[in-house]
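Each chain, written out:
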Amino acid sequence: MRIVDARHGRDALADTLQEALPAGSEVAVLWRDSYGGVAGSASLGASSSLAHRAESLLTREPLTLHSQRIESSWTTSEGVRVGLAAQLPTPMPAEARQMWLDLARIVIGAHLVALRTLARAESLEKSERLQQALFEIADLAGSDLELADMLRRIHTVVAGLMYAANLYIVLYDDVRDSMRFLYFADQRDTYVAEPERDIPVDEMPNSVTVALLRHGEPLQGPSEQIRERLGVPRDIQHGPDSEDWLGVPMRRDDRICGAIVVQSYDRPDVYGEEERALLAFVAQHILTALDRFHAREELERRVEERTQALQLSNRDLQAEIIERQRAERLQRALFRIAELSITSETLERFYTQVHDVVSDLLYARNFYIALLTEDGERLEFPYSIDERDAVRVTRNLTSGLTEYVIARGRPLLADRKRIAALESQGLVRSRGSLAHCWLGVPLFRNESVVGVITVQSYSPAISFSVRDQELLTFVAHHISIGLARKQSQDRLVSAHAELEQRVESRTRELAQANAELLSQIGERLRVEQQLTHQATHDALTGLPNRSQLLDRLSHAIARAQSEPQRTFAVLFLDLDRFKLVNDSVGHSAGDELLIETGRRIVDAVRTGDTVARLGGDEYAILIEDIDGPQVAEELAQRVLRALGEPCWIAGREVFPSASLGIALWHPRYRTGAELLRDADAAMYRAKSSGRDRCAVFDEAMREEAVRILDLEADLRRAINGDGFVAFYQPIVRLDDQRVIGHEALLRWRHERRGLLTPGEFIGVGADSGLIEEVDWILYRQVMDELARGGEGYISVNVSPRHFRSSDFADRLLRMIDQAGADPHRLRIEITEVALLDDVPRALRMLRTLRSHGVLAQLDDFGTGFSALSYLHRFPIECLKIDQSFVAGLVGDTQPESVAVVRAIQALAGTLGIHTIGEGVENEAQRATLRELGCTYGQGYLFGYPAERTNVVPLRLAVTG
């Protein structure tokens, strides 16, 4: 057994201990650290048995003392187990043996400390080399080198960490099952890599590299053994065998994406576990470098993640103190710059003091500030201190280093070599004395470059570092803020002086303008009075207008509220048939009538009463301080009599008349508009009662107005909700009572009043214009019902109002199409009024609908004009006999009703269309209709209206 000192390659420790023993002595010492590793040292000529005894002492205590043998074992404070054995040629006194043993313990302890120190130094050195290698790989990944150059340099870096004369890198695509040799360097294999060529894995079945990729774990050893282990046959096309082969797969998210391989052809056991771990570690960084290289364009759009550098384990307190002092100097400098931007008297003084601040932070003997002019075309130097270039004059933008920094918007740190490289690339051209080291940092304002702050050195002994660049960049940011603040202050002072001058000039101009304004004030007051009069009076009659009337009503209400005994009334007047005058003799004549009407009303009322024209042919009268409603009624009759007198308008004698409504003051009124509203309602009551009369607004009229108003509000809410529903009444064949279709009838499910029929709300809907929206809600429900399928048609009622809309047919067809309904199952029921209102339009609509399958039925036939001359022109499918005639088929009016129904049947037969009897309620009516030739019927006899067409109709038992 041969034990050698790991550090010096010889038995230095044992030899040292042997020298303290008699000549011919032998010494062996071994130790085992806390990790289980055993090392040691033996003197020259020591027997193997002695070494074995020393090794056994690591696990046992020494045996009985022997005069010619020394044995000892102990554990150091660091946990290292030591075994020491010495063989003496002659016996040695016990005291001498003990002294030698004590000395040996000291020497061995010192030796172990030295070994640990050396191991730590080696580990630190190795870590530094690894860290430096990783930095170099990261720098190469971010460089502008071509891929081949970058990989070649990475190879050099790896070769600095281990034996890597023969190295290649492959990338593997597991989706396409192919690989590419990105890099291949080998001393014996003549293979030339083609980085862009994808090699299918199937083409290389006997490749150890492919086996490595399939295996997915690192492989190390002679290539022949690796092939045998993985079952890969020998293939000379894949190069010669190596004595030692180490391959490490590269992974990305648990996927094999490549491998890096090193090998040795002439030396075995070159690679061990440490090289494997190192290569695996480096491989991932190489993969990262490759990823960064291939994704450089994408990574430029992302925030670059800065890799935090590994902190050196031996950073001492002095470095921390220096850094803290530097930070304090920087903080003082920033405070000083902020203070100078406020306290410096001039910009020149500010520049000088900023130079002093920068000089405290770094070498700034040669320092200048360059700023772009306002137009951005020239470069000026407001401050420059230089050892060689004493003066820097304003110049046009060229290709100097300063302009280079402005154009790039980034700092530039360049030594003479970098400057020469930029010049050779044509990017810059030096101006002035050539600097040995040049550092320029852009000045920004609102994210735009406005200048550069520069320091430079002409001596090779003085250079600037990246740290200086970062420092100057940070300081430059605050200099930019301070400079902007100082320039703003200077501009403010200049603007203030200019403002004072402009104020003085403006004051003189205002004095002159005031004189002119005084002359205009009188004219403007006159115009203002005229405009005020126009704003409160009617332009045609000169009477007060609605605005002035409402103002006077507000005052009257206020007085009546404060003095309850005072009362007043409002009279609302509307001329009867005024439109006839406009249409017959023209608007000019109508204006004459309106003027004459106003004059007669003014003559008829009392002094102090207010007569106002509200617009059109509407007038209002405010009468105050009345004793009761009889006063208002007497005044109304007087006005009506005055208006009833004939007058000559446009050469024609006209007998005007009017309808007049009266609203008396009541404490419930809050505004004049409410009074006018109720007077207007009373006027319409008078007009509906026969015109040329007056009516007083009473509580019944108010309750009716409130009811209509509430009903209209409920109607609007129901439109927005789901209050309206379609009920379907069956239409049957009279002979066998088979259902052939249904008529859709509108119902309103009112939240308080229950189910309402159209008669209870259709008047309000028509007056408010809401009934059309309600109809479309019904049509939509019918389309949805048709879309569900079934047999028979459904008819819907269409009012004349719909036929006045030119897009009714198109809108109805769109609704059918959107619902997916069959248009051939839809019928529309129209009245004679709808047809005759606009015959050409009605004809176009009916033809359009019929061309798409929608047929028309004429509803309530016989109750309207019954003009036989037009009926043949329209595409009508059938006539619906009005229920009033059907009801008369039984009873006193039977002869007349039978005659009418027989005539309708004869007309339908002539036109080739069928008929439907409406309102059939008993068997006698059904039988009579059948006798008269009517084919179909509808009524309570066959079924009440229901919500769905598939509801079985209710049959009524009729006796007699």
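Quantities reported herein were computed from a predicted structural model and do not represent experimental measurements.

Caption draft 1: Structural detail: the overall build of the protein chain. Counting its regular elements, the protein chain contains 29 helices and 32 strands. Radius of gyration (C-alpha) of the protein chain: 57 Å, far over the 30 Å computed for a compact globule of 960 residues. Taken along its principal axes, the extent of the C-alpha atoms in the protein chain is 165 × 100 × 60 Å. The proportion of buried residues among the 960 residues of the protein chain is 43%. Counted over contacts in the protein chain with a minimum sequence separation of 6, partners at least 24 positions apart contribute 62%.

Caption draft 2: Just the pairing of strand E31 (residues 914-917), in detail. Pairing geometry for strand E30 (residues 876-881) and E31, over four bridges, is parallel. Counterpart to Ile881 in the pairing with E31 is Gly917. As defined by bridge partners, E31 adjoins strand E32 (residues 936-938) across two bridges and the pair is classed as parallel. From the neighbouring strand, Ile916 faces E32, where its bridge partner is Tyr936. Since E31 and E32 lie parallel, the crossover through helix H29 (residues 923-931) that links them has a hand, and here it is right-handed.

Caption draft 3: Structural context of unusual backbone geometry. One non-glycine residue, Arg691, adopts positive backbone phi at about 65°. According to the relative accessible area criterion, Arg691 is partly exposed, its value standing at 35%. Positive phi, close to 55°, is recorded for Asp860, a residue that is not glycine. Among the structural elements, Asp860 can be located in strand E29 (residues 855-861). Taking relative accessible area as the criterion, Asp860 reaches 27% and is therefore assigned partly exposed.

Caption draft 4: Geometry of the side chain of Arg747. As for its placement among the helices and strands, Arg747 is situated in strand E25 (residues 739-750). For Arg747, a relative accessible area of 13% gives the class buried. Setting aside anything within four residues of it in sequence, one finds Arg747 in contact with Gly723, Phe724, Val725, Phe727, Leu755, Leu756, Thr757, Pro758 and Pro945.

Caption draft 5: Structural context of the sheet that holds strand E23 (residues 694-696). The sheet built from five strands is open, its strands ordered E18-E19-E17-E22-E23 with mixed pairing. The open sheet has two free edges, formed respectively by strand E18 (610-615) and E23, since each of these has just one partner strand. Averaged over all neighbouring strand pairs, the angle between strand axes comes to 20°, with direction disregarded. Strand contacts of helix H17 (residues 629-644): strand E17 (568-575), strand E19 (618-624), strand E22 (658-664) and E23, with the helix running at about 165° to E22, the strand carrying the most contacts. This element, helix H18 (residues 672-688), spans E17, E18, E19, E22 and E23 of the sheet and lies at about 140° to E22.

Caption draft 6: The arrangement of a negative patch on the surface in detail. On the surface, a cluster of negative charge is contributed by Glu374, Asp375, Glu377 and Glu380. Tracing the sequence through the fold places Glu374 in the loop between strand E11 (366-372) and strand E12 (378-385).

Caption draft 7: Focus on the nonpolar core. Ranked by size, the top nonpolar core spans 71 residues in total, and within it Phe803, Leu812, Ile828, Ile830, Ile876 and Leu879 carry the most contacts. Those residues in contact with Ile828 that sit more than four places away from it in its chain are Val796, Val798, Phe803, Leu812, Leu846, Leu849, Val854, Leu855, Ala856 and Gln857.

Caption draft 8: The arrangement of empty space enclosed by the protein in detail. Tallied over the full model, the rule gives two cavities of 30 Å³ or more. Estimated volume of the largest cavity: approximately 50 Å³. Taken together, Ala556, Arg559, Ala560, Arg566, Thr567, Phe568, Glu624 and Asp625 form the lining of the largest cavity. The leading source of residues in the lining of the largest cavity is helix H14 (residues 546-562), at three residues. Looking at the lining of the largest cavity residue by residue, the class counts come to three nonpolar, one polar and four charged. Looking at the second largest cavity, its volume works out to about 30 Å³.

Caption draft 9: The arrangement of the sheet that holds strand E3 (residues 69-75) in detail. Taking strand neighbours across the sheet as the criterion, the four strands line up as E2-E1-E4-E3 in an open arrangement whose pairing is antiparallel. A single partner strand is all that each edge strand has here, and the edge strands are strand E2 (38-42) and E3. Sheet twist, expressed as the average angle between the axes of neighbouring strands with direction ignored, equals 10°. Two elements, strand E1 (residues 26-32) and E2, share five bridges in a ladder whose sense is antiparallel. Each residue of the ladder has a partner; that of Val29, found in E2, is Ser41. Where helix H2 (residues 48-56) meets the sheet, its contacts fall on E1, E3 and strand E4 (81-87), and the angle it forms with E1 comes to roughly 35°.

Caption draft 10: Expanded view of the side chain of Ser223. Here Ser223 shows up in helix H6 (residues 223-230). Reaching out from Ser223, the side chain makes a polar contact with the side chain of Asp241 at a distance of 3.1 Å. Within the structure, Ser223 has its side chain in polar contact with the backbone nitrogen of Ser242 (distance 3.0 Å).

Caption draft 11: Structural detail: the pairing of E17. Of all eight residues in E17, eight are buried, a share of seventy percent or more. Covered by surrounding structure in E17 are Phe568, Val570, Phe572 and Asp574 together with Ala569, Leu571, Leu573 and Leu575, the residues of both alternating faces. In the sheet, E17 pairs with E19 via seven bridges, with the strands oriented antiparallel. Looking at E19, one finds that Phe572 is bridged to Ala620.

Caption draft 12: Representation of a nonpolar patch on the surface. Together, Leu518, Ile521 and Leu525 make up an exposed nonpolar region whose accessible area comes to about 300 Å². In this structure, Leu525 sits in helix H13 (residues 466-536). Residue class for Leu525 comes out partly exposed when judged on its relative accessible area of 46%.

Cut-offs and rules
Residues numbered from 1 in each chain as written. Predicted model: local features only at pLDDT ≥ 70, side-chain atom pairs only at ≥ 80, totals over all residues. Heavy atoms only, no water. Helix = DSSP H or I, 4+ residues; strand = E, 2+ residues; numbered from the N terminus. Rg over C-alpha atoms; globule rule 2.2 N^0.38 Å. Buried < 20%, exposed > 50% of the residue type's maximum accessible area, 1.4 Å probe, protein only. Contact = heavy atoms within 4.5 Å. Pairing = 2+ DSSP bridges. Right-handed = clockwise from strand over helix to strand, strands pointing away. Axes fitted to C-alpha atoms, helices over the stretch in contact; angles between N-to-C directions. Patch = residues over 30% accessible without salt bridge, like charges linked within 9 Å, V, L, I, M, F, W, Y side chains within 5 Å. Areas by Shrake-Rupley, 256 points an atom, 1.4 Å probe, with all protein chains shown as cover. Salt bridge = Lys/Arg side-chain N within 4 Å of Asp/Glu carboxyl O. Lys, Arg positive; Asp, Glu negative; His and termini not counted. Charge placed at Lys NZ, Arg CZ, Asp CG, Glu CD. Core = buried A, V, L, I, M, F, W, Y, C linked by side-chain atoms within 4.5 Å. 1 Å grid on protein atoms, 1.4 Å probe; cavity = no way out; pocket = protein on both sides within 12 Å on 5 of 7 lines; lining within 4 Å. Points joined across faces, edges and corners; volume = space filled by probe spheres on them. Nonpolar A, V, L, I, M, F, W, Y, C, P; charged D, E, K, R; others polar. Polar contact = N/O pair within 3.5 Å; in protein donor to acceptor, adjacent residues only side chain to side chain.

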